[in-house]
Amino acid sequence: MFLADGITNLADMKKNGVLIGLGSDGACSNNRISVFEEMRMAALLQKAARLDAMCINYRDVFAMGTSDGGKLLGLPVGEIASGKCADLVGIRTDVMSMQPISESGEQMLPNIVYSMQPDAIARVVVNGKTTMCDGRLLNISEEKVIELVGKTMRSIGA
């Protein structure tokens, strides 16, 4: 959408057995840099383009943004198991964007894909190391990130 270069037909690709991974590559083509936003947009764009609310579902796009992306890249990710990378996102269920959740929890995954906001992300663990907790980066300050971005922008003359 950002580059206005069309909508990839993920529904047909999936139906034909193509393994699909979603990702976010930065400001050159997407300023949000959120795989959760990519999942949501992938699902909604397919539904709107095909005028078919059932052409792709939350399970499909969640897999595309998690385990299927790992498969495509040959990474040991996508499940909590021995020999896999400990890459996890802890989600708060006590925030508005994660509501409602039934006692069975069946609404959790659709909420993650379709309505979760950033304040629901409680913790991020990358390769077994916590990198974000309670909305704060742990390995570098936001001020330092902003400083480094500014330095980069000045170095490229932007």
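This is a predicted model, so every value here is computed, not measured.

J.: Give me the lowdown on the pattern of salt bridges, citing residues and values where you can.
T.: As enumerated under the stated definition, the model contains 8 salt bridges in all. Note that aspartate 12 is salt-bridged to arginine 50, the shortest N-O span being 3.0 Å. With aspartate 12 in helix H1 (residues 10-15) and arginine 50 in helix H2 (residues 35-50), the pair connects residues that are 38 residues apart, well separated along the chain. Taking the relative accessible area as the measure of exposure, arginine 50 reaches 31% and is therefore partly exposed. With a shortest N-O distance of 3.6 Å, aspartate 68 and lysine 71 are connected by a salt bridge. Of the two residues, aspartate 68 and lysine 71 are both situated in helix H4 (residues 67-73); the distance of 3 residues between them amounts to about one turn of the helix. Using a relative accessible area of 11% as the deciding quantity, one classes aspartate 68 as buried. Shared partners join several salt bridges into a network, and the residues in it are Asp12, Lys15 and Arg50.

J.: Would you mind going over the layout of surface pockets in detail, with residue names and values included?
T.: One number sums up the size of the largest pocket: a volume of about 1,300 Å³. Those elements giving two or more residues to the lining of the largest pocket turn out to be H2, helix H3 (58-65), H4, strand E1 (88-91), helix H5 (108-114) and strand E2 (121-126). With 5 residues, the top contributor of residues to the lining of the largest pocket is H2. Each residue belonging to the lining of the largest pocket can be placed in one class, and the counts come to 26 nonpolar, 10 polar and 6 charged.

J.: Before we move on, can you summarise the packing of H2 against H3 with the specific residues and values?
T.: Remark: H2 packs on H3, axes separated minimally by 9 Å, with the N-to-C direction vectors making an angle of 140 degrees. Here H3 runs oblique to H2, going by the angle between their axes. For the pair H2 and H3, the sense of crossing is right-handed. Facing H2, whose interface residues are Val35, Met39, Ala42 and Ala43, H3 presents Val61, Phe62 and Gly65. Here the contact of H2 with H3 is composed, by residue class, of 6 nonpolar, 1 polar and no charged.

J.: Quick one: what's the story with the pairing of strand E3 (residues 129-133), residue by residue and with numbers?
T.: In terms of strand pairing, E2 meets E3 through 4 bridges, oriented antiparallel. Opposite arginine 123, over in E3, you have cysteine 133 as the bridge partner. Between E2 and E3, which follow one another and run antiparallel, lie 2 residues, and asparagine 127 among them has a positive phi close to 50 degrees. With antiparallel pairing between neighbouring strands as the criterion, E3 and strand E4 (residues 136-137) make up a hairpin whose turn holds 2 residues, including aspartate 134 at a positive phi of roughly 50 degrees.

About the criteria used
- Residues numbered from 1 in each chain as written.
- Predicted model: local features only at pLDDT ≥ 70, side-chain atom pairs only at ≥ 80, totals over all residues.
- Heavy atoms only, no water.
- Salt bridge = Lys/Arg side-chain N within 4 Å of Asp/Glu carboxyl O.
- Helix = DSSP H or I, 4+ residues; strand = E, 2+ residues; numbered from the N terminus.
- Buried < 20%, exposed > 50% of the residue type's maximum accessible area, 1.4 Å probe, protein only.
- 1 Å grid on protein atoms, 1.4 Å probe; cavity = no way out; pocket = protein on both sides within 12 Å on 5 of 7 lines; lining within 4 Å.
- Points joined across faces, edges and corners; volume = space filled by probe spheres on them.
- Nonpolar A, V, L, I, M, F, W, Y, C, P; charged D, E, K, R; others polar.
- Axes fitted to C-alpha atoms, helices over the stretch in contact; angles between N-to-C directions.
- Parallel < 35°, antiparallel > 145°, perpendicular 65-115°, else oblique.
- Left-handed = near helix turned anticlockwise from the far one by under 90°.
- Contact = heavy atoms within 4.5 Å.
- Pairing = 2+ DSSP bridges.

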